[in-house]
Amino acid sequence: MQEVIFEKGIKHTAHGLNFYLSYFDDIARVLPRDEFCFVVGGWVRDRLLGEPVGYHIDVDLLVSCDPTKVAMDFANLVGGAYFEFEKKGLFIKRPTIATVILRLPPYKYRFDFAQIKGKDIEKALIEDLLSRDFTANAMAVSIDDVLSIGAKQTIIYDPAKGIEDLEKGLLRPVSLKNLEEDPVRMLRGFRLSVEKDLSLTEDFYEFVKKKGHLIKKAPAERITLELLKILRHSHSGKVIRDLYKHGLLEAIFPEIERLREVSFQGDHHLYPLDEHTLRVIESIDEVIQERERYIDAELLKDLGSMHVHGEFSDLELLKLSALFHDIAKPHTFELKNGKVTFYNHDKLGASMVRDIGKRLKWGDDAAEFVSKIVEHHLRPFYLRESLKKGQLTDRGKAKFWRECSDIAAHLFLHAIADAIGSGDSKEEIDDLLKTIKELVRYKRERYDKLPTKALLSGREIMDILGIPEGPMVGYVKRALEEAQIEGAVRTKEEAIEFIKNITFPAQS
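Residues numbered from 1 in each chain as written. Predicted model: local features only at pLDDT ≥ 70, side-chain atom pairs only at ≥ 80, totals over all residues. Heavy atoms only, no water.

## Side note on the overall build of the protein chain
Phase 1 of the analysis: Each helix and strand counted, the protein chain has 26 helices and 13 strands in total.
Phase 2 of the analysis: Taken along the three principal axes of its C-alpha coordinates, the protein chain extends 90 × 55 × 45 Å.
Phase 3 of the analysis: For the protein chain, the proportion of contacts with a sequence separation of at least 24, taken over those separated by at least 6, is 71%.
Phase 4 of the analysis: When the accessible surface of the protein chain is summed, it comes to about 24600 Å², and 50% of that surface belongs to carbon and sulfur atoms. (Helix = DSSP H or I, 4+ residues; strand = E, 2+ residues; numbered from the N terminus. Contact = heavy atoms within 4.5 Å. Areas by Shrake-Rupley, 256 points an atom, 1.4 Å probe, with all protein chains shown as cover.)

## Some points on the packing of aromatic side chains
Aromatic ring pairs are reported here in terms of the distance separating the ring centres and the angle at which the planes meet.
Phase 1 of the analysis: Applying the stated criterion to the full structure yields 21 aromatic pairs.
Phase 2 of the analysis: Ring geometry for tryptophan 401 versus phenylalanine 412: centroids 6.2 Å apart, planes at 85°, classification edge-to-face. Taken together, the residues tryptophan 401 in helix H21 (residues 394-404) and phenylalanine 412 in helix H22 (residues 408-422) connect sequence positions eleven residues apart.
Phase 3 of the analysis: Phenylalanine 412 sits in the buried class, given a relative accessible area of 0%.
Phase 4 of the analysis: Taken together, the ring pairs connect Tyr23, Tyr55, Phe74, Tyr107, Tyr109, Phe111 and Phe113 into an aromatic cluster.
Phase 5 of the analysis: In this structure, lysine 329 is placed above the aromatic ring of phenylalanine 342, and the distance from its NZ or CZ to the ring centre is 4.8 Å.
Phase 6 of the analysis: Over the ring of tryptophan 401 we find lysine 443; its NZ or CZ atom is 5.6 Å from the centre of that ring. (Phe/Tyr/Trp six-rings, centres within 6.5 Å; stacked < 30°, edge-to-face > 60°. Buried < 20%, exposed > 50% of the residue type's maximum accessible area, 1.4 Å probe, protein only. Lys NZ or Arg CZ within 6 Å of the ring centre and 35° of its normal.)

## Examining helix H9 (residues 202-211)
Phase 1 of the analysis: Burial in H9 covers these residues: Phe204, Phe207 and Val208. The buried residues of H9 all sit within an arc of 100° when viewed along its axis, so they share a single face. Summarising the geometry of H9, the exposed residues directed more than 90 degrees from the buried face are Glu202, Lys209 and Lys210. (Arc of directions from axis to C-beta.)

## Looking at empty space enclosed by the protein
Phase 1 of the analysis: Inspection of the entire model under this criterion finds three cavities of 30 Å³ or more.
Phase 2 of the analysis: Put simply, the second largest cavity is a space of about 40 Å³.
Phase 3 of the analysis: What lines the second largest cavity is simply Leu227, Ile230, Leu231, Ile240, Leu249, Phe253, Leu320 and Leu323.
Phase 4 of the analysis: Tallying contributions element by element places helix H10 (residues 220-232) first for the lining of the second largest cavity, with three residues. (1 Å grid on protein atoms, 1.4 Å probe; cavity = no way out; pocket = protein on both sides within 12 Å on 5 of 7 lines; lining within 4 Å. Points joined across faces, edges and corners; volume = space filled by probe spheres on them.)

## A look at the environment of alanine 483
Phase 1 of the analysis: Structurally, alanine 483 is set in helix H25 (residues 471-485).
Phase 2 of the analysis: Sequence separation of alanine 483 and serine 22 is 461 residues, and the distance between their C-alpha atoms is 57 Å.
Phase 3 of the analysis: Setting aside its immediate chain neighbours within four residues, alanine 483 contacts Ala488, Val489 and Phe498.

## Observations concerning a nonpolar patch on the surface
Phase 1 of the analysis: Nonpolar side chains collect at one region of the surface, where Tyr55, Leu104 and Tyr107 lie side by side and expose about 300 Å² of accessible area between them.
Phase 2 of the analysis: The exposure class assigned to leucine 104 is partly exposed, which follows from its relative accessible area of 40%. (Patch = residues over 30% accessible without salt bridge, like charges linked within 9 Å, V, L, I, M, F, W, Y side chains within 5 Å. Salt bridge = Lys/Arg side-chain N within 4 Å of Asp/Glu carboxyl O.)

## Topic: the layout of surface pockets
Phase 1 of the analysis: Roughly 760 Å³ of internal volume is contained in the second largest pocket.
Phase 2 of the analysis: Lining the second largest pocket are 26 residues, and of these His268, His269, Lys329, Phe342 and Leu378 lie nearest its centre.
Phase 3 of the analysis: If you list the elements that add at least two residues to the lining of the second largest pocket, you get strand S13 (339-341), helix H18 (345-359), helix H20 (379-388) and H22.
Phase 4 of the analysis: Partitioning the lining of the second largest pocket into residue classes produces seven nonpolar, eleven polar and eight charged. (Nonpolar A, V, L, I, M, F, W, Y, C, P; charged D, E, K, R; others polar.)

## Brief notes about the nonpolar core
Phase 1 of the analysis: Counting 133 residues, the largest nonpolar core has Phe111, Phe113, Phe253 and Trp362 as its most contacted members.
Phase 2 of the analysis: Of the residues forming this core, the biggest block, nine residues, is contributed by H22.
Phase 3 of the analysis: Ignoring sequence-local partners within four residues, the contact set of tryptophan 362 consists of Thr224, Phe253, His309, Leu320, Phe324, Val353, Ile356, Gly357, Ala367 and Val370.
Phase 4 of the analysis: Ranked by size, the runner-up nonpolar core spans 14 residues in total, among them Leu62, Ile97, Ala138 and Ala160. (Core = buried A, V, L, I, M, F, W, Y, C linked by side-chain atoms within 4.5 Å.)

This is the structure:
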């Protein structure tokens, strides 16, 4: 931690340049004259801890004027994306948050502007800080101090003694009342504890034990935002395990509770279902970090490029799929001839995930993405078994790429984490990696060179078969495209012969 000089009362001093960010100059440029701006929360905390800035930069700011005007002008100046949201509740001091997102790969910046009100700005600032979640986040510096290049010292406002707690390695609630007024702060506490390597205080755990159910009343959008922040972290599995241990995960996702019912998953699994799920999430953290070790670079080039809720990506959604990949197993559990089965848990799980995504307001694209991974998460294992038995055909490989090419890299990474979390042997994991390599080889050497556009048009199909325009034409065209992808049809002549011998589905 950087050296801080303590003064009597609520202020301390530190070297101002340690808090500097070049974009603060742009904020000062659009701030109206005689108005105030304070940098608060995580940016101040992390600079005191001496943490590297990293690729995801979040900055919270309080301004004494309209935050939407300042944020809009700042967004226009730096070329960022602007949006705003309202926090609902009787006790919310900052009801409107104006946000600017700026992407400069690999960096992602998020600036949140809120308003501070009061004739006595310093008094209003202190009241605002004392209404925050944790003492480590209840500190502020004036942007004027930070930008004074010649100044050797910057005043740190610290009414909740956050610096003292940081020096002790503690993450302490400013007050339990503050947690009760905004239950999402419980999620944030578990996240920050792991991210910043700080110990949560006993009163926090007692509060979660008694009042954890309050999270159910929190706005779905804010819960999702905090969960995505958790999943963005390289040790998100540890946070998820803590949330499960203290009952908060089940409060958000009641479906999780039933995982405890499946204590034995069959001979192939070493762990009960809930422990397996937690291990898969922990494993996927590591697999994503080491993805170049497992997956061909060409397949990884678009990984992380999907935009979710402004600042997140498909990598966070991949981790969500790890959490829910076996969510339907308790619903499909059967004992047949002494053997445990979970038939169709993949398909039912995909349906359940869509419902969860709708409830938690993930957005349609995100919910469909996660549900598709859940629906197909077993396919790499089926293909592994086919390869081991010498039964993996070009048709099977083509079918995989035709149906899963958009999520192939995600499925492969998920499968590796799933195998590790199941306690698979080294030989089984090696077989899975061989299967992935064979699928990638086939794609590069064969699949990518196959014609995907139907060799016959809809009009030609109607003329050749003597059928009218309608669903049957589409059925024939799709069947022809599949035959081409699988390599069974390569020329127009073969296409004509193929459709003449096609079998139409029975009409109901």
